[in-house]
Amino acid sequence: MQQIIVIGGGLSGLATAYQIQQQAQAQNLAVNVKVLEKEARFGGKAWSRQESGYLCEWGPNGFLTNKPQTLELCQSLGISEQLLPSNDNARKRFVFSQGKLHKLPHNQIEFLTNSLISFKGKLRIAAEFFVPQRHASSDETLADFTRRRLGAEALNKLIAPMAGGIFAGDPEQMSLQACFPRIYQLEQEYGGLLKAMLRLTRQHHSDKKAGKVVASPAGPGGVLTSFSGGIQELISALSDAIGRANLIQTAAVSQISQLQNGQWQVTSGNEVYTADKIVCATPAFASAEMLQNLDADLANSLQQINYAPLLVVCLGYAQAQIEADLNGFGYLFARGEDEALLGTLWDSSIFAARAPEGKVLLRSMLGGASHPQVMNLDDQQIQQLVQKSLTTTLGIKATPELVQIYRHVQAIPAYGLGHKDLVAKIMARASQYSGLFITGNAYTGVGINDCVAAAVATAKQVLA
Ligand SMILES: Cc1cc2nc3c(=O)[nH]c(=O)nc-3n(C[C@H](O)[C@H](O)[C@H](O)COP(=O)(O)OP(=O)(O)OC[C@H]3O[C@@H](n4cnc5c(N)ncnc54)[C@H](O)[C@@H]3O)c2cc1C
């Protein structure tokens, strides 16, 4: 029987272990998979916490259904019926700019009438049609790409907030090709974003006429989806399916080495585990440390992937204390609007039963690559900062009855310029060692769907 150890029990590690078991079973292969996790709990960034009747997400609050990976995983785990789609009004998203909230447009008419972008800014976006295609294959930052094609206002009010919301990233540092590969492809394939939209819309209409089942032309936005018990339900279902006996907690791995016979040794405290194959599903900096003695070059490349810090602040209020209309998803700040906050999600408007009857749950995000200094603040300073910001944006003056502050010192990997080349280098180097595999959110996507997709692909490689 093949012994396989997965290091790191976050979503990526658990999904990889589960996929190895599933794929091995389908191929009649005998494998034993163990997952070693540093903490006393599995799930990594995914952790739903019950706090005084509120359901607070420590990390992700859901996944989008525009990609199939997580939906398929849920089906395989038999938990599809437990899925909880976000409320319809969660499609309404806002950006805070120049003293007020602006609803993000959903279509061309809303774009023309919308108050977020100035008339000049709208003209500049429309002029994207005439911007020549960039043919160079070299990487470009998200900020340079946006300035070049859509103008500075679109960068500040549309793209920078989105980059903060997804990656907690700084668009001046982020790689377009690694962070938003589809946008890069649209320019390469169609010559520009508006040209792509027109061609895809035309294609969509003719496919529809021909009776084909089609998705929305701009690519389906998908529905943010979770579970009534929060994203934790996915972690629990994975843990149950893998078998609790195969999950080893408080097992921080310090070193990985390869024996003469090709087998692997994994050291955690006084324990040494032996395996035929190992998968590092830990953050890149953690994988670097454990691989340092085996291959300093590989470790050095892994160390080059930086992480943005993030504070998550959950606030509970009595509904009666809030006059603002919280009918929507929440808002992000336009660039330069707030010193520290990325935005605030209206969690109890997004999903049912996130707050007790008559209460409201808000979740603010602070920090990210642009404001790492917030990590130095103490809890009281953080609370003051968030409350002051909520007074400005939503007019909330009341004191919250619940405040929970979650600190992610290294929250989300930053895909900087040249990230794709760096990842290719890491994977090529790792593949020189038979039985060594690397996966996780540091390489090909940070979303839950991306982690699950990487897990499926890694499991295939492990069993190949
Ligand atoms: C605040 C926040 C909000 C987010 N929101 C969303 C969202 O709404 N939707 C979405 O799709 N994505 C979201 N994401 C991204 C997504 O949650 C993550 O990319 C994903 O959960 C990462 O999973 P992972 O297993 O790759 O990494 P992690 O969750 O970081 O797991 C790595 C695991 O390795 C363990 N480990 C570390 N060192 C060692 C060691 N030496 N030995 C053993 N184990 C070790 C860690 O303890 C951890 O459990 C969010 C992320 C954050 C931080």
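## Some points on the nonpolar core
Counting 130 residues, the largest nonpolar core has Val6, Ile7, Leu14, Ala15, Leu142, Val266 and Ile278 as its most contacted members. Those residues in contact with Val6 that sit more than four places away from it in its chain are Gly13, Thr16, Ala17, Val33, Val35, Val279 and Ala281.

## Here we look at the sheet that holds strand S6 (residues 83–85)
Spatial ordering of the open sheet is given by S5-S9-S6, a layout of three strands whose pairing is antiparallel. With partners counted over all chains shown, the strands left at the sheet margins are strand S5 (63–64) and S6, one partner each. Where S6 lies against strand S9 (residues 224–227), three bridges are found, and the strand directions are antiparallel. The partner of Pro85 across the bridge, within S9, is Thr225.

## So, the site of the ligand
Near the ligand there are 37 residues, and of these Gly8, Gly10, Ser12, Gly44 and Pro60 occur at the shortest range. Contributions of two or more residues to the shell around the ligand are made by helix H1 (11–26), helix H11 (284–291), strand S15 (307–318), strand S19 (402–413) and helix H16 (448–463). When we break the shell around the ligand down by domain, the ones giving at least three residues each are domain 1 (2–43 + 234–305 + 416–463) and domain 3 (306–413).

## Points about the domain arrangement of the chain
Domain annotation of the chain identifies domain 1 (2–43 + 234–305 + 416–463), domain 2 (117–131 + 138–209) and domain 3 (306–413). Centre-to-centre separation of domain 2 and domain 3, based on C-alpha positions: 28 Å. On the domain 3 side, the residues contacting the eleven residues of domain 2 number 15 residues.

## Looking at the environment of Thr399
Positionally, Thr399 belongs in the loop between helix H14 (379–394) and S19. Classification of Thr399 as exposed rests on a count of 11 C-beta atoms within 10 Å.

## Side note on the packing of helix H5 (residues 142–149) against helix H6 (residues 152–167)
Closest axis-to-axis distance for the H5/H6 pair is 9 Å, and the angle between their directions is 145 degrees. The two elements H5 and H6 meet at a crossing, and its hand is right-handed. Here Leu142, Ala143, Thr146 and Arg147 of H5 lie close against H6, whose contacting residues are Ala152, Ala154, Leu155, Ile159 and Ala163. Each residue belonging to the contact of H5 with H6 can be placed in one class, and the counts come to seven nonpolar, one polar and one charged.

## What about the pairing of strand S13 (residues 271–275)?
Direction of pairing for strand S12 (residues 264–268) relative to S13: antiparallel, over a ladder of five bridges. Residue pairing for S13: Ser268 is matched across the bridge by Glu271. Counted along the chain from S12 to the antiparallel partner S13, the turn is two residues long, and its residue Gly269 has a positive phi close to 60 degrees.

## So, the sheet that holds strand S1 (residues 2–7)
Overall, parallel pairing links the five strands, which are arranged S10-S2-S1-S14-S20 in an open sheet. Unpaired on one side and paired on the other, strand S10 (247–248) and strand S20 (436–438) mark the two borders of the sheet. In this structure, S1 lies alongside strand S14 (residues 277–280), joined through four bridges in parallel fashion. Each residue of the ladder has a partner; that of Ile4, found in S14, is Lys277.

Rules and cut-offs
Residues numbered from 1 in each chain as written. Predicted model: local features only at pLDDT ≥ 70, side-chain atom pairs only at ≥ 80, totals over all residues. Core = buried A, V, L, I, M, F, W, Y, C linked by C-beta atoms within 7 Å. Buried ≥ 20, exposed ≤ 12 C-beta atoms within 10 Å, placed from the backbone. Contact = placed C-beta atoms within 7 Å. Pairing = 2+ DSSP bridges. Helix = DSSP H or I, 4+ residues; strand = E, 2+ residues; numbered from the N terminus. Near = placed C-beta within 6 Å. Domains from an automatic or database assignment. Axes fitted to C-alpha atoms, helices over the stretch in contact; angles between N-to-C directions. Left-handed = near helix turned anticlockwise from the far one by under 90°. Nonpolar A, V, L, I, M, F, W, Y, C, P; charged D, E, K, R; others polar.

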